[in-house]
Amino acid sequence: MSLNLVITMMDRDRRESMEAIFKSVGLPMSLTMLGRGTATMEHLSLNGLKATEKAVLSTVADSDKTRQLMLAAKVKMFIDIPGNGIMLSVPIKSVGGGKTLAYLTENQKSGGKPDMTFAHELIYVILNEGCSDEVMDAARAAGAAGGTVLSAKGTGLVAAEKFLGISLAEEKEVLLIVARAEDKAAIMQSIIEKTGPGTPSGAICFSLPVSQVAGLRRIEE
């Protein structure tokens with residue numbers, strides 16, 4: 001049995017319906033964080049729209065329940081139709097202790113290795129508060145379609161601040177971008193070159209493998 005961190009990004013007013021699906025599948029834990037979308041100001045003003053408020057929901061599921069969750073989200077929330085959100089799963093390599101594993105798997109046997117062939121990756125960007133537009137512009141220049149922004153508070157070390165010129169002990173934002181694996185390197189390079197350490201954005205980034213994804217059909221087409 002392999003475990004996944006399943007992450008769903010969608011409009012905030014739909015989160016309760018998604019949380020109900022988590023419960024219906026029998027998942028023991030879910031976490032909801034609030035964020036916002038990254039549509040450009042020009043797009044919003046031309047269409048008379050406001051910046052979209054987003055919810056980021058996460059849970060841990062084995063491979064069978066991940067498939068059940070994906071299917072239920074497609075049937076009940078139309079998650080595979082562009083505009084209704086994005087759901088993705090990130091393989092979990094290890095968990096902290098037997099009791100944690102028993103809680104997450106409901107005492108089922110766990111074993112096996114996750115599939116290590118990934119068509120998509122989740123780019124995780126940490127940046128200074130108020131700089132998400134600049135970072136997202138850099139990402140779009142390299143082919144990124146969009147992202148979700150979360151507010152955060154840093155707790156960085158003094159040594160890191162002196163060495164990199166980055167202070168993590170201040171208000172931060174986290175930008176989540178789902179990208180095709182072949183586009184990931186160019187997007188990350190563009191972010192670092194244009195908005196990385198030493199710039200007002202002070203962005204640092206890394207990527208996580210995505211084993212399954214729904215809601216990116218427009219990109220694939």
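Data block above holds the structure.
Residues numbered from 1 in each chain as written. Predicted model: local features only at pLDDT ≥ 70, side-chain atom pairs only at ≥ 80, totals over all residues. Heavy atoms only, no water.

## What to know about the overall build of the chain
So the rule is basically this: The way it works is that DSSP assigns letters per residue, a run of H or I at least four long becomes a helix, a run of E at least two long becomes a strand, and they are numbered from the N terminus. The buried label applies to any residue whose accessible area, calculated with a 1.4 Å probe on protein chains only, is under 20% of its type's maximum; exposed applies above 50%, and partly exposed to all values in between. Only the protein chains shown count as cover for residues, with accessible areas throughout obtained via the Shrake-Rupley method and a probe of 1.4 Å.
When you go through the chain residue by residue, the secondary structure sums to 8 helices and 9 strands. Going through the 221 residues of the chain one by one, you find that 41% of them count as buried. Counting every atom, the chain has about 11900 Å² of accessible surface; 54% of that belongs to carbon and sulfur.

## Points about the nonpolar core
This is how the line gets drawn: Remark: nonpolar core denotes a set of buried residues (Ala, Val, Leu, Ile, Met, Phe, Trp, Tyr, Cys) joined through side-chain atoms within 4.5 Å. The contact rule is simple, with two residues in contact once any of their heavy atoms fall within 4.5 Å.
Counting 18 residues, the largest nonpolar core has Met-18, Ile-21, Leu-69 and Met-87 as the members making the most contacts within it. Counting only elements with at least two residues in this core, the list comes to β1 (3–11), α1 (15–25), β3 (53–62) and α3 (63–77). At 5 residues, the largest contribution of residues to this core is made by α3. Sequence-distant contacts of Met-87, defined by excluding residues within four places in its chain, comprise Val-6, Ile-7, Thr-8, Met-18, Leu-69, Met-70, Ala-73, Ile-79, Gln-212, Val-213 and Ala-214. Membership of the second largest hydrophobic core comes to 17 residues, among which are Val-125, Leu-127, Leu-175 and Ala-179.

## Some remarks on α3
The following threshold applies: Expected span of a helix: the number of residues minus one, times 1.5 Å. Within this analysis, the arc is defined by the directions that extend from the helix axis to the C-beta atoms. By the criterion applied in these results, polar contacts are pairs of N or O atoms within 3.5 Å in which, for protein atoms, one can donate a hydrogen and the other can accept it, and in which residues neighboring in sequence qualify only through two side-chain atoms.
In this model α3 runs 20 Å from its N-terminal to its C-terminal C-alpha over 15 residues, within 8% of the 21 Å that 1.5 Å per residue would give. What α3 keeps buried is the set Lys-65, Thr-66, Leu-69, Met-70, Ala-72, Ala-73 and Met-77. Down the axis of α3, the smallest arc covering the buried residues is 165°, so these residues share one side. Exposed side chains of α3 directed beyond 90 degrees from the buried face belong to Leu-71 and Val-75. Where α3 is buried, its residues contact β1, α1, β3, β4 (86–92) and β9 (212–214). A distance of 3.1 Å separates the backbone nitrogen of Asp-64 from a side-chain oxygen at the start of α3, and that oxygen is part of Asp-62. Backbone geometry just after α3 places Phe-78 at a positive phi near 50°.

## Observations concerning helix α7 (residues 181–195)
Helix length check: α7, at 15 residues, gives a terminal C-alpha distance of 21 Å against a target of 21 Å (1.5 Å per residue), a fit within 8%. By the burial criterion, the buried members of α7 are Asp-183, Lys-184, Ile-187, Met-188, Ser-190, Ile-191 and Thr-195. Seen from one end, α7 has its buried residues packed into an arc of 160°, which puts them on one side. Within α7, the exposed residues directed more than 90 degrees away from the buried face are Glu-182 and Glu-193.

## What to know about the packing of helix α5 (residues 132–141) against α7
For the record, the criterion: Axis definition: a line fit to C-alpha positions, over the contact stretch in the case of helices; interaxial angles, taken between N-to-C directions, run 0 to 180 degrees. These descriptions rest on fixed angle ranges, namely under 35 degrees for roughly parallel, over 145 for roughly antiparallel, 65 to 115 for roughly perpendicular, and the rest for oblique. By definition, turning the near helix anticlockwise from the far helix through less than a right angle yields a left-handed crossing, and turning it clockwise yields a right-handed one.
The contact between α5 and α7 brings their axes to 8 Å, and the two run at 135°. In terms of their interaxial angle, α5 and α7 are classed as oblique. α5 and α7 meet at a crossing whose hand is right-handed. Counting all contacts with α5, which are made through Glu-134, Val-135, Ala-138, Ala-139 and Ala-141, the residues of α7 involved are Ile-187, Ser-190, Ile-191, Lys-194 and Thr-195.

## Considerations on the pattern of salt bridges
For clarity, the threshold we go by: The salt bridge definition used is simple: a Lys or Arg side-chain nitrogen within 4 Å of an Asp or Glu carboxyl oxygen.
Taken as a whole and assessed by the stated rule, the structure comprises 7 salt bridges. Its salt-bridge partner being Glu-53, residue Arg-12 comes within 3.8 Å of it at the nearest N-O pair. Highlighted residues: Arg-12 in the loop between β1 and α1 and Glu-53 in strand β3, separated in sequence by 41 residues. On the accessibility criterion, Glu-53 (48% relative accessible area) is partly exposed. Two residues, Asp-137 and Arg-140, come together in a salt bridge whose shortest N-O distance is 3.7 Å. With Asp-137 and Arg-140 both in helix α5 and 3 residues apart, the pair spans about one turn of that helix.

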